Amino acid sequence: MEIAQSVQKELAKRDEIILALEMLIVDQASRLLALEAVMSNLQQVQNISLRNVNDYIEEESSRYKKYMQGEGLSGFIERANRVACEFLDKTK
């Protein structure tokens, strides 16, 4: 059974949209985790330990890993750590 070409095009568009949304979710989740890690270590802006932030991200990333799978998740922890560093650089 052949699928009409117009249906195939629509399915391809749908797949592209789903992929884009998945990438956005991973990006936003890593930003949320980074912000959460920074805030959990915030006693004073000048005294935030980057090591504690990284440890927090490592521990708490399992929450996200349960719901996200595949290649989109690769680099998730590294991305969250990078975003946390960016947040901390902007506060100095």
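Residues numbered from 1 in each chain as written. Predicted model: local features only at pLDDT ≥ 70, side-chain atom pairs only at ≥ 80, totals over all residues. Heavy atoms only, no water.

1. Digging into the overall build of the protein
The condition is simple: By definition, any uninterrupted DSSP run of H or I lasting at least four residues is a helix, any uninterrupted run of E lasting at least two residues is a strand, and each is numbered from the N terminus. For every residue, the accessible area (1.4 Å probe, protein chains only) is compared with the maximum for its type, and the residue is labelled buried under 20%, exposed over 50%, or partly exposed between those bounds. When checking whether two residues touch, look at their non-hydrogen atoms; a contact exists if any pair is within 4.5 Å.
Tallying secondary structure elements over the protein gives 3 helices and 0 strands in all. Element order for the protein, N to C, with α for helix and β for strand: α-α-α. Here the protein holds 92 residues, and the buried ones make up 24% of them. In the protein, the share of contacts with a sequence separation of at least 24, taken over all contacts with a separation of at least 6, comes to 62%.

2. Observations concerning the nonpolar core
Selection rule: Take the buried Ala, Val, Leu, Ile, Met, Phe, Trp, Tyr and Cys residues and link them wherever side-chain atoms come within 4.5 Å; each set so joined is a nonpolar core.
Counting residues in each nonpolar core, the largest one holds 16 residues, and the members touching the most others are Leu33, Val38, Val53, Ile57, Phe76 and Ala84. What Val38 contacts, discounting residues up to four positions off in sequence, is Ile48, Val53, Ala84, Phe87 and Leu88.

3. With respect to the pattern of salt bridges
What counts here: Throughout this description, the term salt bridge denotes a Lys or Arg side-chain nitrogen within 4 Å of a carboxyl oxygen of Asp or Glu.
Scanning the entire structure with this criterion turns up 4 salt bridges. The residue Lys13 makes a salt bridge to Glu10 at a minimum N-O spacing of 3.4 Å. A residue pair is termed a helical-turn pair when its members lie 3 or 4 positions apart in one helix, as Lys13 and Glu10 do in helix α1 (residues 5–40) at 3 residues. A residue is classified by how much of its surface remains accessible, and Lys13, at 47% relative accessible area, is partly exposed. By relative accessible area, Glu10 is classed as partly exposed at 47%. Its salt-bridge partner being Asp15, residue Arg14 comes within 2.9 Å of it at the nearest N-O pair. When its relative accessible area of 41% is taken as the criterion, Asp15 is described as partly exposed.

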